Amino acid sequence: MPLLQLALVALIQGITEFLPVSSSGHLILLPGLTGYADQGQVIDVAVHLGTLAAVVIYFWRDVRIGLTGLPRLARGRVDSDGARLALGLIIATIPTVLFGAALHFSGLSDALRSPAVIGWTMLIFGIVLYVADQKGAEGKVAQDWGPRDALIMGLWQMIALIPGTSRSGITITGARQLGYNREDGARIAMLMSIPTIIASGVLLGTEVALDADMALIRDAGIAAALAMLSALAALSLMMRLLRSVSFTPYVIYRVILGLVLLGYAYSG
């Protein structure tokens, strides 16, 4: 695969994975805009692993707390911050895993990969994010996150399997609708991405692992490293900006891109 294509795929995935603008939507559009062939599932898995590494590194303190809570949770004890966080992440991931498996094995996931679908989801869920962000209260913090809110945010996250929705955008929407402040809502949404990316990586990775040759493995390694670095930069910038800026700039971008895609999709 050409190095420029690898770099574009990795940078797009890394920059857009944690911004509320939909990484999957941008990656689906890339071949049509550049003339490159589809990058394939091996590279898709690689760039997702790169962004997984980025969010684990950035939120390592929270990740470590969740990991230390797993043994207590396994013994049926939810009596520590770590156990509560681990339980919340498990609950939040279940709807996405079930819905994702249904889409994947039914073949509907391929049918949704179109400019029209991405245009509508960009537009609609951009507006939904704006309303939730502007009208949502800010009384809750990350420590208030419990099983009920985890399930609600998990159901929001499930919708992100429709291309163009944005996993981070829809879970942040759910967090703001529940009354979490912007920074802590985004923090919870980012932590929710960890088991979700692991689940999708396992699902796709088991299907493509046997087909990878050394050249493809090398390309995957390059793509993963570039995705991790760009994701770290984008994540760090967004979390800093949320202390003083709303989600409105991302909404404006989504609305403009959505309208352009709808114009393109229905122009013929």
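Now for a look at the structure at hand. (Residues numbered from 1 in each chain as written. Predicted model: local features only at pLDDT ≥ 70, side-chain atom pairs only at ≥ 80, totals over all residues. Heavy atoms only, no water.)

Some remarks on the overall build of the protein chain
Counting secondary structure elements, the protein chain contains 12 helices and 0 strands. When the helices and strands of the protein chain are read in sequence order from the N terminus, they spell out α-α-α-α-α-α-α-α-α-α-α-α. At 18 Å, the protein chain has a C-alpha radius of gyration in line with the 18 Å of a compact globule built from 268 residues. The dimensions of the protein chain, computed from C-alpha atoms along their principal axes, are 55 × 45 × 35 Å. (Helix = DSSP H or I, 4+ residues; strand = E, 2+ residues; numbered from the N terminus. Rg over C-alpha atoms; globule rule 2.2 N^0.38 Å.)

Examining a nonpolar patch on the surface
A cluster of nonpolar side chains, contributed by Trp60, Leu67, Leu70, Ile90, Ile94 and Leu98, occupies part of the molecular surface with about 580 Å² of accessible area. Only helix H4 (60-74) and helix H5 (81-106) provide two or more residues apiece to the nonpolar patch. The residue isoleucine 94 is located in helix H5 in this model. (Patch = residues over 30% accessible without salt bridge, like charges linked within 9 Å, V, L, I, M, F, W, Y side chains within 5 Å. Areas by Shrake-Rupley, 256 points an atom, 1.4 Å probe, with all protein chains shown as cover. Salt bridge = Lys/Arg side-chain N within 4 Å of Asp/Glu carboxyl O.)

Things to note about unusual backbone geometry
Backbone geometry places serine 22, a non-glycine residue, at a positive phi of 80 degrees. Exposure remark for serine 22: the relative accessible area of 1% places this residue in the buried category. Of note in this structure, serine 166 is not a glycine but carries a positive phi near 85 degrees. Assignment of secondary structure puts serine 166 in the loop between helix H8 (147-159) and helix H9 (167-177). A residue is classified by how much of its surface remains accessible, and serine 166, at 3% relative accessible area, is buried. (Buried < 20%, exposed > 50% of the residue type's maximum accessible area, 1.4 Å probe, protein only.)

Considerations on the environment of arginine 167
Among the structural elements, arginine 167 can be located in helix H9. Classification of arginine 167 by relative accessible area gives buried; the value is 12%. Taking the C-alpha atoms as reference, arginine 167 lies 28 Å from arginine 218; in sequence the two are 51 residues apart. Sequence-distant contacts of arginine 167, that is, excluding residues within four places in its chain, are made with Glu17, Gln157, Ala160, Ala189, Met190, Met192, Ser193 and Thr196. Side-chain polar atoms of arginine 167 contact the backbone oxygen of alanine 189, separated by 2.9 Å. (Contact = heavy atoms within 4.5 Å. Polar contact = N/O pair within 3.5 Å; in protein donor to acceptor, adjacent residues only side chain to side chain.)

Remarks on the packing of aromatic side chains
This structure, assessed with the given rule, holds 2 aromatic pairs. Residues phenylalanine 247 and tyrosine 250 carry aromatic rings whose centres are separated by 6.3 Å and whose planes lie at 45 degrees to one another, so their mutual orientation is tilted. (Phe/Tyr/Trp six-rings, centres within 6.5 Å; stacked < 30°, edge-to-face > 60°.)

Here's the deal with the nonpolar core
Ranked by internal contacts, the top residues of the largest apolar core, which has 37 residues, are Val55, Trp145, Met190 and Met238. Those elements that place two or more of their residues in this core are helix H3 (41-58), H5, H8, H9, helix H10 (182-208), helix H11 (214-241) and helix H12 (248-266). In terms of residue count, H10 provides more of this core than any other element does, 8 residues in total. Ignoring sequence-local partners within four residues, the contact set of valine 55 consists of Phe18, Met190, Ser193, Ile194 and Leu235. (Core = buried A, V, L, I, M, F, W, Y, C linked by side-chain atoms within 4.5 Å.)

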